[in-house]
Amino acid sequence: MENNLIENTLLFVQKQLKEAEGGHDWFHIERVYKNTLLIANEEKCDILVCQLAALLHDIADSKFHNGDETVGPKTARIFLESQDVSAEITEHVVEIIENISFKGGNFEKQFSSKELEIVQDADRLDAIGAIGIARCFNYGGFKNRALYNPEILPNLNMSKEEYKKSESPTINHFYEKLLLLKDKMNTKTGKKIAEERHRYMEDFLEQFFAEWEGKK
């Protein structure tokens, strides 16, 4: 039954995200799913909850639904109920979806579990390193944002609402989110992988600014 449930979830997510923006498409979900399995292998957890949460965590990202944070959890709940998933597992998965996002880094989680920690780390790993850089600029292009503007400084004290409405240059996002994620990882495996990906981003930024100033 669990195999059928995962297969049905895979097919549902692939269909739902068929036209999604490149940084939040099926391939993002697939990478987070793989990261989740990697981390979960080192942790004591409910693997089914982790799998379902990883697959459904971005089923309807609020960024693409006028900022409405209820669409994703609601869509996930309806799907899980249609698959006769127990109320306990459904509720756990929905709670993870509601609490997984960065949201400016000043968001107080209303729920905690080992499974949330695992899937959150898996999602954050996909936001840093080489793929994180690619996703960052892909989304910046999608929103037609400037690459960089020396006159617009990063805002490190944004509220959740300010973060959601921010239209700052793409490079600022490194300082407002991506470089902060290494120290926000929950699991031992997540922290280890994040260290290397963090260094890669630092090297990229050093090269970027050197080229911007005509030094390389």
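You'll find the structure just up there.
A quick note: this is a predicted structure, and the numbers were derived from the prediction, not measured.

A.B. asks: Even after reading the chapter, I still don't get the packing of aromatic side chains, so can you show me in this structure?
C.D. replies: Geometrically, a pair of aromatic rings is defined through the distance of the ring centres and the angle of the planes. Under the criterion given, the structure shown has 11 aromatic pairs. Relative to W212, the ring of Y148 lies with its centre 4.8 Å away and its plane at 80°, an arrangement referred to as edge-to-face. With a gap of 64 residues between them, Y148 in the loop between helix 7 (129–142) and helix 8 (160–165) and W212 in helix 10 (residues 188–212) connect regions that are remote in the sequence. By relative accessible area, which is 39% here, W212 ends up partly exposed. Taken together, the aromatic side chains of F137, Y148, F174, F204, F208, F209 and W212 make up a single cluster linked through ring pairs.

A.B. asks: Hey, could you run me through the environment of S168 in this one?
C.D. replies: With respect to the helices, strands and loops of the structure, S168 is situated in the loop between helix 8 and helix 9 (170–176). The contact partners of S168, leaving out residues within four places of it in the chain, are R145 and E176. A polar atom in the side chain of S168 sits 3.2 Å from the side chain of S166. At a separation of 3.4 Å, a polar atom in the side chain of S168 contacts the side chain of E176.

A.B. asks: Would you mind going over unusual backbone geometry with me for this structure?
C.D. replies: Note: most residues except glycine have negative phi, and most peptide bonds are trans. Positive phi, normally seen in glycine, also occurs at D84, with a value near 60°. One can find D84 in the loop between helix 4 (71–82) and helix 5 (87–99). Backbone geometry at N144 places phi at a positive 55°, although glycine is not the residue there. Counting through the fold element by element, N144 comes out in the loop between helix 7 and helix 8. Overall, N144 belongs to the exposed group, its relative accessible area being 70%.

A.B. asks: Looking at this model, I keep getting lost on the nonpolar core. Mind explaining?
C.D. replies: A general tendency of soluble globular proteins is for nonpolar side chains to be buried together. Judged by nonpolar contacts, the single largest core of 53 residues is most densely connected at V13, L52, L55, L56, V93 and F174. With 8 residues, helix 3 (residues 47–56) is the single largest residue contributor to this core. Once residues within four sequence positions are removed from consideration, V93 is found in contact with V49, L52, A53, L56 and L80.

A.B. asks: Sorry, what's going on with the side chain of H28 here?
C.D. replies: Examined against the element boundaries, H28 turns out to sit in helix 2 (residues 26–40). Within the structure, H28 has its side chain in polar contact with the side chain of D58 (distance 3.1 Å).

A.B. asks: How should the packing of helix 1 (residues 2–16) against helix 2 be read in this particular structure?
C.D. replies: Closest axis-to-axis distance for the helix 1/helix 2 pair is 9 Å, and the angle between their directions is 145°. Remark: the crossing between helix 1 and helix 2 carries right-handed chirality. Contact with helix 1, carried on its side by I6, L10, V13 and Q14, involves W26, I29 and Y33 of helix 2 and no other residues of that element. Class assignment of the residues belonging to the contact of helix 1 with helix 2 gives a composition of 6 nonpolar, 1 polar and no charged.

Rules of the game
Residues numbered from 1 in each chain as written. Predicted model: local features only at pLDDT ≥ 70, side-chain atom pairs only at ≥ 80, totals over all residues. Heavy atoms only, no water. Phe/Tyr/Trp six-rings, centres within 6.5 Å; stacked < 30°, edge-to-face > 60°. Helix = DSSP H or I, 4+ residues; strand = E, 2+ residues; numbered from the N terminus. Buried < 20%, exposed > 50% of the residue type's maximum accessible area, 1.4 Å probe, protein only. Contact = heavy atoms within 4.5 Å. Polar contact = N/O pair within 3.5 Å; in protein donor to acceptor, adjacent residues only side chain to side chain. Core = buried A, V, L, I, M, F, W, Y, C linked by side-chain atoms within 4.5 Å. Axes fitted to C-alpha atoms, helices over the stretch in contact; angles between N-to-C directions. Left-handed = near helix turned anticlockwise from the far one by under 90°. Nonpolar A, V, L, I, M, F, W, Y, C, P; charged D, E, K, R; others polar.

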